[in-house]
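Analysis of the macromolecular model
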Amino acid sequence: MRFFELIRNKLFWVLDTVKGSEIKRSLRDIGDIIENPGTREVIENKRKKLEQLLQFAVSSTKFYAAYKGYNALQDFPVVNKNSIREHFEDFRSEAYRNKPHFTFSTSGSTGMPFKVYHNKKKRSRNTADTIYFSKLAGFRIGFRLIFFRLWDAFEKKGSLGRILQNVVPVDIFDLQKDAAKKQLLQKMRTSSSLSWLGYASAFESMCKYLEKQRSGKVTSLRSAIAISESLNAYTKQAMTTYFDVDVVSRYSNIENGILAQQPIGNHDYFVINEASYVIEILDIDKDIPVDHGVTGRIVVTDLFNYCMPFIRYDTGDVGSMEIRDGKKVLTHISGRKRDLITDTKGNIITVNLGSIFTKYLELKQCQLIQKAPKTYVFKLNTSTKFLREDVLVKDFKGYLGDDANITVIYVDEIPLLASGKRRVMVNEMESK
């Protein structure tokens, strides 16, 4: 690490020591739980964390007071954003009502505001989670972090905060212009110990720009972590080609934190953060567990938010779980239930169809919309005439079904969501 990077690193840990070393203790706890999942001590540690949370929730919140006679986690109801919004004050802990708390807000993909409160220890735990999982991807405190997101949709750090944390904010709305991409790359060539964090689509956009410029390797990144959107095979390979880095995908949300992350290397599964959460996979339509490998709703119990307990929280995402090397992993994450595409026989398609678009480099933006059980629409944005429309349709029929009715329309732009994400697959059948 260079001098100023080392100074930032040492300063961070000195401040943590002054505050009681809470982050350092959490970091040891996280590492022990995730790296030794089958030991008796770890199993007991996780059991105690869950029991303490459940006992606290039933004795401290109006919403969970009705479940004092519970025997297990499964006795609690499954909740979601709507139920929390409707009973917001009832989810708040009376014990923390007059204590300092931190507010986190998100509009999600629905555009409807949603806020949650975190207590101090929850915030420290999230910081420790971030340090642990970022280190697995190659990042160290003190490295310069280029953070890609739609910054107008989120609270910006002040100038002093950016300097101390060595964060360079890049607004993905500005990044739609080639001039902005060129300017960013020029800055990167003069820096060292660079890391990327941000939307997978921003990484893809940067790589496609370099491909268009016929570039070779631009510079080496220490780490690259894609969030919020699916990371396709093209982007993983292109990031290696242009930045000599093994990019990983992280599964997280604003209301909870880091839920799972891919290991470094050529892996497509996500190691679950069992140190801070209990994750269940429930049936798409019923609140019952599904077998390993079966797609269902991702439901989260947050073990550290005592200010506003989240117990069996339906994230709105879907995926499947398996056991790999003794660890619980998510073998795929398909995004929102309303973004699930079904084939013409009604079967949910678990593969990431959006990755097929990456074969067609002449396309700038793409979106697949399901209108009816056998009716689909492609929205394509291309700067040149697209000559492979028939090939594209044939490719997708291999997954959707030969009897799929597919219409292709050309647009000048596929708009971003309020969060800055762009939906690649949309199911509009439920809204009819």
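Bear in mind the structure is a predicted one, so any value in this text is a computation, not a measurement.

Moving on: the pattern of salt bridges. Applying the stated criterion across every chain, the model contains 19 salt bridges. Ionic pairing is found between Lys-49 and Asp-29, a salt bridge with its closest N-O pair at 3.1 Å. Of the two residues, Lys-49 is situated in helix 3 (residues 40-60) and Asp-29 in helix 2 (residues 22-35); the sequence distance between them amounts to 20 residues. Judged by relative accessible area, which is 13%, Lys-49 ranks as buried. As a salt-bridge pair, Glu-280 and Arg-312 come within 3.0 Å of each other at their nearest N and O atoms. One end of the pair, Glu-280, is in strand 10 (residues 277-282); the other, Arg-312, is in the loop between strand 11 (296-302) and strand 12 (313-324), and 32 residues separate them in sequence. Neither Glu-280 nor Arg-312 differs from the other in exposure class; each is buried. Here the salt bridges share partners, and the residues they tie into one network are Glu-89, Arg-92, Glu-94 and Arg-97.

Time to look at helix 3. For helix 3, spanning 21 residues, the distance from its first C-alpha to its last is 30 Å, which sits close to the expected 30 Å at 1.5 Å a residue. Residues of helix 3 that are buried: Val-42, Lys-46, Lys-49, Leu-50, Leu-53, Leu-54, Phe-56, Ala-57, Val-58 and Ser-60. The inward-facing, buried residues of helix 3 contact helix 2, helix 6 (120-136), strand 10 and strand 11.

Take the sheet that holds strand 16 (residues 405-410) next. Neighbouring strands of a sheet are bound in pairs by backbone hydrogen bonds; such pairs are parallel or else antiparallel. One open sheet accounts for four strands, arranged 16-15-14-17; its pairing is mixed. Each edge of the open sheet is held by one strand with a lone partner, namely strand 16 and strand 17 (425-427). Between one strand axis and the next, the sheet turns by 20° as a mean value, whatever way the strands run. Of the pairings in the sheet, the one linking strand 14 (residues 363-372) to strand 15 (residues 375-382) comprises eight bridges and is antiparallel in character. In the strand pairing of strand 15, Gln-365 is matched with Asn-381. Across the face of the sheet, helix 11 (residues 389-400) comes into contact with strand 14, strand 15 and strand 16 while running at roughly 140° to strand 16.

Here we come to a nonpolar patch on the surface. Taken together, Phe-3, Phe-4 and Ile-7 make up a surface patch of nonpolar side chains, about 360 Å² in accessible area. Counting through the fold element by element, Phe-3 comes out in helix 1 (residues 3-18).

What follows concerns unusual backbone geometry. Trans peptide bonds make up the majority, and among non-glycine residues the majority have a negative phi. A positive phi angle is found at Ser-21, which is not glycine, with a value near 60°. Summarising the element assignment, Ser-21 is placed in the loop between helix 1 and helix 2. Exposure remark for Ser-21: the relative accessible area of 18% places this residue in the buried category. The phi dihedral of Asp-244 is positive, around 55°, even though this residue is not glycine. Checked against the element boundaries, Asp-244 lands in the loop between helix 10 (233-243) and strand 7 (248-252).

Membership of the largest hydrophobic core comes to 41 residues, with the highest contact counts inside it found for Phe-148, Met-188, Trp-196, Leu-221, Met-239 and Phe-243. Taken together, the elements giving at least two residues each to this core come down to strand 3 (144-149), strand 4 (167-171), helix 8 (178-188), strand 5 (194-199), helix 9 (200-212), strand 6 (223-227) and helix 10. Of the residues forming this core, the biggest block, seven residues, is contributed by helix 9. With sequence-adjacent residues up to four places away left out, Met-239 is seen in contact with Trp-196, Phe-203, Cys-207, Leu-221, Ala-224, Asp-244, Val-245 and Val-247. Listed in part, the 27 residues of the second largest apolar core include Phe-56, Val-79, Val-116 and Cys-307.

Positionally, Arg-250 belongs in strand 7. The charged side chain of Arg-250 is buried without a salt bridge, its nearest counter-charge being Asp-129 at 9.7 Å. With residues near it in sequence (within four places) discarded, Arg-250 still touches Thr-130, Phe-133, Ser-134, Leu-197, Ile-225, Ala-226, Ile-227, Ser-228, Ile-258, Ala-260, Gln-261 and Phe-270.

Thresholds applied
Here the residue numbers are simple positions, counted from 1 along each chain's written sequence. Owing to the predicted nature of the model, reporting of local features is limited to residues with pLDDT of at least 70; listing and counting of side-chain atom pairs is limited to 80 or more, with chain, interface and lining totals taken over all residues. Side-chain measures here rest on the full set of heavy atoms in the structure, leaving out hydrogens and waters. Whenever a carboxyl oxygen of Asp or Glu lies within 4 Å of a side-chain nitrogen of Lys or Arg, that contact is scored as a salt bridge. For the purposes of this entry, the term helix denotes a DSSP run of H or I that reaches at least four residues, the term strand denotes a run of E that reaches at least two, and both are numbered from the N terminus. Burial here depends on accessible area, computed with a 1.4 Å probe over protein chains only, as a share of the maximum for the residue type. Under 20% is buried, over 50% is exposed, and the range in between is partly exposed. By this rule the span expected of a helix is its residue count minus one, scaled by 1.5 Å. In what follows, a contact means two residues having at least one pair of non-hydrogen atoms within 4.5 Å. Should DSSP find at least two bridges between two strands, the strands are regarded as paired. Here, axes are lines fitted to C-alpha atoms. For helices the fit covers the stretch in contact, and angles between N-to-C directions go from 0 to 180 degrees. Grouping into patches uses exposed residues only, defined as over 30% relative accessible area, and leaves out salt-bridged ones; the cut-off is 9 Å for like charges and 5 Å for nonpolar side chains (Val, Leu, Ile, Met, Phe, Trp, Tyr). Accessible areas in this description were obtained via Shrake-Rupley with a 1.4 Å probe; residue shielding takes into account the shown protein chains only. Side-chain atoms within 4.5 Å are what join buried Ala, Val, Leu, Ile, Met, Phe, Trp, Tyr and Cys residues into a set we call a nonpolar core. Counting rule applied: Lys, Arg positive; Asp, Glu negative; His and chain ends not counted.

Geometric descriptors of this kind do not, in isolation, establish any biological role.
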